[in-house]
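Structural characterization, general
Residues per chain are reported as follows:
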Amino acid sequence: MAHYYEENPQGESDRRVIQARMHGMDFFFTTDAEVFSKKFLDFGSRTLLETAIEDLSANNRKKGKLLDLGCGYGPIGIIMKRVFPSMEVTMVDINHRAIELAKQNAETNSVKCVDVHPSDGCASVEGLFDVVLTNPPVRAGKQTVFSFYDGAYEHMEEGAFLYVVLQKKQGAPSSEKYLLEKFGNCRVIAKESGYWILKSVKGAFREE
């Protein structure tokens, strides 16, 4: 059986268009078989987006470079670019089918000047970012999830924000512990229906 975190899905295509409304705007995304959350925008990603948008706005972080790590068909990066048009957005995923969808969805939703390309975690990511968002592939295993955090850390500017969404039952507490050790800080900034939003700041052992 193929998984959404495989590089080259070989299963039969089953494209569909789903609709999502976020931050007062309507979005349309083409999804397919063997990509994450193909039937609807998943609750975890919605919660991540809502929380990150609110937190970034409160901290006046509306510009800079943003990385959508493990972008799937692109909803997180695309929605963030529409909400914060001054941000430079990069979107990466190991799944080549998902990457092609993300490129198409950026065009469908009138999102321009985004960099969408395949990458195994941060292996093909270049440069430093001010914001990183990830809904990590928990089904790929804890080692893969933690490698996302390691890669993000290496590609973050000093003072950059990392936002992560995980279900409590799928490893949120262990991720909180790992991020606390990695960054020196980690806060659970939202809890909703069993989902936790974790935030770490690079180079800040205590948030001001």
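Residues numbered from 1 in each chain as written. Predicted model: local features only at pLDDT ≥ 70, side-chain atom pairs only at ≥ 80, totals over all residues. Heavy atoms only, no water.

1. Section: the pattern of salt bridges
What the rule picks out here adds up to six salt bridges. For Asp26, the salt bridge is made with Arg21, and the minimal N-O distance between the two is 3.0 Å. Residue Arg21 is classed as partly exposed on the basis of its relative accessible area of 47%. With its nearest N and O atoms 3.3 Å apart, the salt bridge here joins Asp150 to Lys182. Of this pair, Asp150 sits in helix α4 (residues 142-154) while Lys182 sits in helix α5 (residues 172-183); the two residues are 32 residues apart in sequence, bridging distant segments of the chain. Here Asp150 falls in the partly exposed class, since its relative accessible area comes to 24%. Of the residues examined, Lys182 reaches a relative accessible area of 27% and is grouped as partly exposed. (Salt bridge = Lys/Arg side-chain N within 4 Å of Asp/Glu carboxyl O. Buried < 20%, exposed > 50% of the residue type's maximum accessible area, 1.4 Å probe, protein only. Helix = DSSP H or I, 4+ residues; strand = E, 2+ residues; numbered from the N terminus.)

2. Side note on the pairing of strand β7 (residues 156-167)
Of all the 12 residues making up β7, nine are buried; the element is thus mostly covered by neighbouring parts of the structure. Both strand β6 (residues 129-134) and β7 contribute to a ladder of five bridges, which runs parallel. Note that in β7 the partner of Val131 across the bridge is Phe161. Handedness of the crossover is the feature at issue here: the chain leaves β6, passes through α4, returns alongside β7, and the resulting connection is right-handed. (Pairing = 2+ DSSP bridges. Right-handed = clockwise from strand over helix to strand, strands pointing away.)

3. A closer look at the nonpolar core
Taken as a class, soluble globular proteins show a tendency for nonpolar side chains to be buried jointly. Counting residues in each nonpolar core, the largest one holds 42 residues, and the members touching the most others are Phe29, Leu56, Ile79, Met80, Leu133 and Tyr163. In this structure Phe29 touches Arg16, Val17, Ile18, Ala20, Tyr73, Pro75, Ile78, Ile79, Asn105 and Asn109, once residues within four positions along its chain are discounted. Counting 23 residues, the second largest nonpolar core, distinct from the first, contains Phe148, Leu166, Ala172 and Cys186. (Core = buried A, V, L, I, M, F, W, Y, C linked by side-chain atoms within 4.5 Å. Contact = heavy atoms within 4.5 Å.)

4. Describing the packing of aromatic side chains
By the definition in use, this model includes eight aromatic pairs. Taking 6.1 Å as the distance between ring centres and 5 degrees as the angle between the ring planes, the aromatic pair formed by Phe27 and Phe29 counts as stacked. What makes Phe27 buried here is its relative accessible area of 0%. A centroid spacing of 6.2 Å and a plane angle of 85 degrees characterise the contact between Phe161 and Tyr163, whose relative ring orientation is edge-to-face. Taken as a pair, Phe161 and Tyr163 share a single burial class, namely buried. Here the aromatic cluster, defined as three or more aromatic residues joined through ring pairs, consists of Phe27, Phe29 and Tyr73. Note that Lys182 overlies the ring of Tyr153, its terminal NZ or CZ placed 5.2 Å from the centroid. A cation over an aromatic ring shows up here: Lys199 above the ring of Phe161, its NZ or CZ 3.8 Å from the ring centre. (Phe/Tyr/Trp six-rings, centres within 6.5 Å; stacked < 30°, edge-to-face > 60°. Lys NZ or Arg CZ within 6 Å of the ring centre and 35° of its normal.)

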